[in-house]
Amino acid sequence: MSGHHTPLDDRSSAVERSVTLPYASLSVTGARQRLCSDLRAVGIGGDRVDDASLIVSELVSNALRHASPLPTPADTVGVAWRVRVDRRSEDGGWVEIMVRDGGSSSMPRVARPSVSGLGGRGLGIVQSLAGRWGTEMDATTTTVWAVLDIAPADIAPLRSEVGESRSAVVCSDPSADDMVELRLRVRESSPAWGALL
């Protein structure tokens, strides 16, 4: 797992994280827990965390169900997100979620399942929650991405504004063998946005 949390100033934060997970159903839970931890660490709460959780769950599930694993590292799926929170802006911020797999014979698309159909609603759910979503394909991989807008009302005040410490514990699930506890602390630096996947 790689990534960083960068406080940009007193009212802005950014998180960039990239994880390579096993091509297995347990990876849906791992991706969801890591993303939710990062969102809560920068003050995003409530319904928007739930929406982001549902989006990453659907995208990872679709990759596992409909696509091949990544060839390198073998039998994996790549999951990444970028988060930007600006408490001064009227826009609030955004979360971009990306899932990369080894591709399939067809392009991911929104299906129109029958009322009694048991599946086929995943990208429809992503489309209804995300402001924007899309697919990028090359010779060996497919990346499906979605951008979730965050309203100012969905961002909690800085902990320092209410007299608390500004550090946060991320990825603290003791039952997950491959997760590490990471403490985020405020530091002065500029964002280093790079290739996530």
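For the structure itself, look to the data block above.
Tallying secondary structure elements over the chain gives 3 helices and 8 strands in all. The N-to-C order of helical and strand elements in the chain reads β-β-α-α-β-β-α-β-β-β-β. The buried share of the chain, taken over its 197 residues, is 45%.

Glancing now at the nonpolar core. Core analysis: the largest hydrophobic core is formed by 34 residues, its most contacted members being I44, L59, V79, V83, V95 and I97. Looking at this core, the elements with two or more residues in it are β2 (12-22), α1 (26-41), α2 (46-66), β3 (76-86), β4 (93-101), α3 (122-129) and β6 (142-150). When residues in this core are grouped by element, the largest group, 8 residues, is from α2.

A complete count under the given rule lists 5 salt bridges for this structure. Measuring nitrogen to oxygen at the nearest pair gives 2.5 Å for the salt bridge that ties E96 to R82. Pair noted here: E96 is in strand β4 and R82 is in strand β3, with a separation of 14 residues, a long-range link. Here R88 and D86 are joined by a salt bridge, their closest N and O atoms 3.4 Å apart. Given a relative accessible area of 54%, R88 falls into the exposed group. With relative accessibility at 17%, the residue D86 sits in the buried group.

Bringing the side chain of D51 into the picture now. Mapping D51 onto the fold places it in helix α2. Not counting the four nearest positions on each side in its chain, D51 is found in contact with L129 and L148.

When you line up the elements, L26 lands in helix α1. With relative accessibility at 72%, the residue L26 sits in the exposed group.

Glancing now at the packing of α2 against α3. At a minimum axis distance of 9 Å, the contact between α2 and α3 shows a crossing angle of 150°. By the angle between their axes, α2 is roughly antiparallel relative to α3. Helix-helix and strand crossings are classified by hand; for α2 and α3 the assignment is left-handed. Along the contact surface, α2 presents R48, D51, L54, I55, E58, L59 and N62, while α3 presents G122, L123, I125, V126 and L129.

This part takes up unusual backbone geometry. What is expected of a backbone is that most residues other than glycine have negative phi and most peptide bonds are trans. Each neighbour pair has its own omega, and for T72 with P73 the value is -15°, a cis peptide bond. Positive phi outside glycine occurs at D75, with the angle close to 55°. Relative to the assigned elements, D75 resides in the loop between α2 and β3.

Looking at the element boundaries, V126 is found in helix α3. Its relative accessible area of 1% is what places V126 among the buried residues. Sequence separation between V126 and A52 is 74 residues, and the spatial gap between their C-alpha atoms is 9.2 Å. Other than its neighbours up to four places away in sequence, V126 contacts I55, E58, L59, W133 and A146.

Below, the discussion takes up the packing of α1 against α2. Two numbers describe how α1 lies on α2: the axes approach to 9 Å, and their chain directions differ by 150°. Relative to α2, α1 is oriented roughly antiparallel. Our pair here, α1 against α2, has a crossing hand that is right-handed. Here S27, V28, A31, R32, L35, C36, L39 and R40 of α1 lie close against α2, whose contacting residues are V49, A52, S53, V56, S57, V60, S61 and L64. Across the contact of α1 with α2, the residue classes tally to 10 nonpolar, 4 polar and 2 charged.

Thresholds, definitions, all that
Residues numbered from 1 in each chain as written. Predicted model: local features only at pLDDT ≥ 70, side-chain atom pairs only at ≥ 80, totals over all residues. Heavy atoms only, no water. Helix = DSSP H or I, 4+ residues; strand = E, 2+ residues; numbered from the N terminus. Buried < 20%, exposed > 50% of the residue type's maximum accessible area, 1.4 Å probe, protein only. Core = buried A, V, L, I, M, F, W, Y, C linked by side-chain atoms within 4.5 Å. Salt bridge = Lys/Arg side-chain N within 4 Å of Asp/Glu carboxyl O. Contact = heavy atoms within 4.5 Å. Axes fitted to C-alpha atoms, helices over the stretch in contact; angles between N-to-C directions. Parallel < 35°, antiparallel > 145°, perpendicular 65-115°, else oblique. Left-handed = near helix turned anticlockwise from the far one by under 90°. Nonpolar A, V, L, I, M, F, W, Y, C, P; charged D, E, K, R; others polar.

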